[in-house]
Amino acid sequence: MRHFEDNLRAAVEDLARAAPAMNDMAVVARIRGRRIRRRRQTVLGAAVVLLAGAVITPYVVLDGRRDGQRPQPVDSVPTSKAPVVPLPSGPVTVPAIRADWWKAPIELPGGVVVTSVSRPNTYNDDGTPTFTGDTPQDGNVALNRLTGRYQVFPVKYQVFEAAPKGHYVLVEDESMAGGYVPVGIVDAAYNGAQVLTHGSGLGTEWSPDGKKVALTTSLGNLRIIDAKSVTEKEREIPGGRELCPDTCTFTWLPGSKEVALPQRDPDVAESESVPDTIKEIKVFSAATGKLLRTLPIPGVPTGSAAWSPDGRYVALRPDATAPDGTRIAEVATGRVVTTLPRAGQVRFLAEDQILALSGLDVTVYDLTGTVRATSRLPADFNNREVSLGIS
Amino acid sequence: MKQALEAEFTAFVADRGQALLRIAHALTGDRESAEDLVQGALAKAYARWPRIHGEAEAYVRKIIYNDRISAWRRPMRRNEVTVADLPERPQAGRHDHDVTERLALRDALLSLPARQRAVLVMRYLEDRSVEETAQVLGCRPGTVASQASRALAKLRELVSGVDEWTNRTGVIR
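So, here is what we can say about the structure in this document. (Residues numbered from 1 in each chain as written. Chains lettered and ligands numbered in written order. Predicted model: local features only at pLDDT ≥ 70, side-chain atom pairs only at ≥ 80, totals over all residues. Heavy atoms only, no water.)

A short note on the overall build of chain B
Helix and strand content of chain B: 9 helices and 0 strands. Counting helices and strands in the order they occur from the N terminus, chain B gives α-α-α-α-α-α-α-α-α. For chain B, the residues scored as buried account for 51% of the 173 residues in total. The contacts of chain B with a sequence gap of at least 6 include a subset with a gap of at least 24, amounting to 62%. Only carbon and sulfur atoms are counted for the fraction: they give 48% of the accessible area of chain B, which is about 8100 Å². (Helix = DSSP H or I, 4+ residues; strand = E, 2+ residues; numbered from the N terminus. Buried < 20%, exposed > 50% of the residue type's maximum accessible area, 1.4 Å probe, protein only. Contact = heavy atoms within 4.5 Å. Areas by Shrake-Rupley, 256 points an atom, 1.4 Å probe, with all protein chains shown as cover.)

Dropping the structure here:
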């Protein structure tokens, strides 16, 4: 008769033997791994250059025609192919940032505001996290729009990304992990929190209006999470993964009704050592998943804030043609009008101004690539993920 | 990432992916959770591949275990089974005692706290020493021994009648 430990060993082996057959794990791991790497690059970026104590940034005006313009989003991207010649933009006002930054909204040029700052996401070589703390200096912090102050939230959220508008925060709750880290929504104004029963798939994106999150599933389908009710609907995107490039996530277009999914060029051989060549971007209805149109854009949008408010331009991630640059392309034609230095986040301020965040450095460019203003986030933000929105 | 490193990552997943899935499934008892667990660990490994590729398997295994049993994690109930769900108590003299006990143990394993289950998976599936288990789980060897002891006691409690068949005490040393 077998003894207890033998039967225990057999039982554990039974469990292991029931494991599913491996599928395309390497592909999905790559996509998710690149997302992790991008996050690290975003927070590490230019953060190696620290200005100790330089929390107060001087007021900067590079020239004097306009200041603080608030972009007015359009409902959808126009398809006009009229050629455009970029012109130098007007002046940019850079508000000062106070030393006790958590006591008031941090304003950046163009009416942009810092909506949240994550805990430091740095890891030891053995994969264990190094972060600690529950203070504004090293915790998960979101702007409470009711009080106008930043509030500290539990450190258990490994992802903490406030919406660009409103009071919701997208989180990934490590404390609930059971094979995956579930995504959820935290209400930064009223402190409620709910998590769903799945992870973040291939990636998540806040809608510009801060009411919905687009989640790209591992199969390339679109799942829309309603932030208020924390309910979701999935839309099948036929062939969603088929021509999906290295960065395979839906991003929103201005208006929060449509999402974009870049498609790689099937005629160009794939290489894992260089980013995929993008042929076009497909635009789908967020409500139905229906394909609405195809845009001849040769790159992957940097995010949902990548589109100019009038829908004429889009900022694109680095690729083989510009490995260290953020390309600004015309939506209607795909023509690249300028290339800016690589940045962690890019956000259009107005039709002709772009805010780029690289590490702690904030730079405002115009469409000619000229720097219009600079600023710097507090040193407390080093190695943390910063979310931007509209004040 | 350079082509050679990419190829190395692909080969690693092809070579070791199934073995890692076996560990993950023993930890979770759930196919989907096992896939998510391994995929999450592989994604973290991919993000740091140039630095960790020399010790990739150890790195990924450690993440799998630690992602499952993070210190601040609440006990997961999704895979737990109540005593009422356990198979019928085996009767002495029946030919299929061992099979019945294995089934009961398999279900009982899934009701253990994640850390205790991880200790048993490392010790009984991977045949790791107490010291190796402690290293992966980031705790002291004494903690591994005490967790194993508690786990075995709990299993015996859940699988009634086990002691009748046990030839020796199942204590991990």
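Some remarks on the pattern of salt bridges
All names here are of chain A. Counting across every chain of the model gives 19 salt bridges over all chains. Arginine 223 is the salt-bridge partner of glutamate 234, the closest N and O atoms lying 2.6 Å from each other. Taken as a pair, glutamate 234 in strand S12 (residues 231-235) and arginine 223 in strand S11 (residues 222-226) lie far apart in primary sequence, 11 residues in all. On the basis of relative accessible area, glutamate 234 is assigned to the partly exposed category, the value being 37%. Residues joined by salt bridges that share partners form a network here, namely Arg98, Asp100 and Lys103. (Salt bridge = Lys/Arg side-chain N within 4 Å of Asp/Glu carboxyl O.)

Some details on the sheet that holds strand S18 (residues 325-330) of chain A
All names here are of chain A. What the 3 strands build is an open sheet, ordered S17-S18-S19; its pairing is antiparallel. Edge strands, defined here as strands with exactly one partner in the open sheet, are strand S17 (313-316) and strand S19 (336-341). Across this sheet, the average inter-strand angle for adjacent strands is 20°, counted without regard to direction. (Pairing = 2+ DSSP bridges. Axes fitted to C-alpha atoms, helices over the stretch in contact; angles between N-to-C directions.)

Comments concerning the pairing of strand S15 (residues 278-285) of chain A
Here is the key point about a regular strand: its side chains alternate between the two faces of the sheet. All names here are of chain A. Taken together, the 7 bridges between strand S14 (residues 258-264) and S15 define a ladder with antiparallel strand orientation. Residue pairing in the sheet places arginine 264 in a bridge with isoleucine 278 of S15. Sheet topology places S15 next to strand S16 (residues 291-295); 4 bridges connect them, and they run antiparallel. The residue bridging phenylalanine 284 from the neighbouring strand is leucine 291, located in S16.

A closer look at the environment of A:Val169
All names here are of chain A. As for its placement among the helices and strands, valine 169 is situated in strand S6 (residues 168-173). For valine 169, a relative accessible area of 1% translates into the label buried. Separated by 58 residues in sequence, valine 169 and alanine 227 have C-alpha atoms that sit 8.6 Å apart. Excluding residues that lie within four positions of it along the chain, valine 169 makes contacts with Ala142, Phe160, Glu161, Ala162, Gly184, Ile185, Val186, Ala188 and Trp206.

Description of helix H7 (residues 130-137) of chain B
Residues and elements named next belong to chain B. Taken together, the buried positions of H7 are Val130, Thr133, Ala134, Val136 and Leu137. Projected down its long axis, H7 carries its buried residues within an arc of 165°, all on one side. Seen from the open side of H7, the exposed residues pointing more than 90 degrees away from its buried face are Glu131 and Gln135. Count one or two residues on from H7 and you reach glycine 138, which has phi positive near 70°. (Arc of directions from axis to C-beta.)

Thoughts on the side chain of A:Arg293
Residue and element names in this part refer to chain A. By secondary structure assignment, the location of arginine 293 is in strand S16. Classification of arginine 293 by relative accessible area gives buried; the value is 17%. For arginine 293, the side chain forms a polar contact with the side chain of glutamate 258, separated by 2.8 Å. (Polar contact = N/O pair within 3.5 Å; in protein donor to acceptor, adjacent residues only side chain to side chain.)

Thoughts on the sheet that holds S14(A)
Taken in spatial order, the 4 strands make up an open sheet running S13-S14-S15-S16 (chain A), and their pairing is antiparallel. Among the strands making up the open sheet, the edge pair consists of strand S13 (251-252) and S16 of chain A.

Notes on unusual backbone geometry
Notably, A:Asn191 is not glycine yet its phi reads approximately 70°, a positive angle. Looking at the element boundaries, A:Asn191 is found in the loop between strand S7 (183-187) and strand S8 (193-195).

Topic: the nonpolar core
One finds B:Leu42 and B:Leu155 to be the most contacted residues of the largest nonpolar core, which totals 60 residues. The element best represented in this core is helix H1 (residues 3-28) of chain B, accounting for 10 residues. Looking at which domains feed residues into this core, each of domain 1 (3-68) and domain 2 (83-165) of chain B supplies at least three. Those residues in contact with B:Leu155, other than ones at most four positions away along the chain, are A:Phe4, A:Leu8, B:Leu105, B:Ala108, B:Leu109, B:Leu112 and B:Leu120. Formed by 24 residues, the second largest nonpolar core is a distinct cluster that contains A:Val94, A:Tyr150, A:Leu349 and A:Phe381. (Core = buried A, V, L, I, M, F, W, Y, C linked by side-chain atoms within 4.5 Å. Domains from an automatic or database assignment.)

Notes on helix H1 (residues 4-17) of chain A
The periodicity of an α-helix, 3.6 residues per turn, causes residues three or four places apart in sequence to face the same way. Residue and element names in this part refer to chain A. Its 14 residues give H1 an end-to-end C-alpha distance of 20 Å, which sits within 8% of 20 Å, the value for a rise of 1.5 Å per residue. For H1, a buried count of 10 out of 14 residues is recorded, marking the element as mostly surrounded by other parts of the structure. Every buried residue of H1 is listed here: Phe4, Glu5, Asn7, Leu8, Ala10, Ala11, Val12, Asp14, Leu15 and Ala16. (Expected span 1.5 Å × (residues − 1).)

Thoughts on the packing of helix H6 (residues 114-125) of chain B against H7(B)
All names here are of chain B. At a closest axis distance of 10 Å, the pairing of H6 and H7 adopts a crossing angle of 135°. In this view, H6 runs oblique relative to H7, as classed from their interaxial angle. For the pair H6 and H7, the sense of crossing is right-handed. Here Arg115, Ala118, Val119, Met122 and Arg123 of H6 lie close against H7, whose contacting residues are Val130, Glu132, Thr133, Val136 and Leu137. Its residues placed into classes, the contact of H6 with H7 shows 6 nonpolar, 1 polar and 3 charged. (Parallel < 35°, antiparallel > 145°, perpendicular 65-115°, else oblique. Left-handed = near helix turned anticlockwise from the far one by under 90°. Nonpolar A, V, L, I, M, F, W, Y, C, P; charged D, E, K, R; others polar.)

Quick look at the packing of aromatic side chains
Enumeration over the complete set of coordinates arrives at 9 aromatic pairs over all chains. Between A:Phe153 and A:Phe160, the aromatic rings sit 5.6 Å apart at their centres with planes inclined by 40°, giving tilted as the arrangement. As far as the burial class goes, A:Phe153 and A:Phe160 line up, both buried. For the ring pair B:Phe9 and B:Tyr46, a centre distance of 4.9 Å and an interplane angle of 65° mean the geometry is edge-to-face. Placement of B:Phe9 in helix H1 and of B:Tyr46 in helix H2 (residues 31-47) is noted, with a sequence separation of 37 residues between them. Through a chain of ring-to-ring contacts, the aromatic side chains of A:Trp101, A:Trp102, A:Tyr150 and A:Phe381 assemble into a single cluster. (Phe/Tyr/Trp six-rings, centres within 6.5 Å; stacked < 30°, edge-to-face > 60°.)

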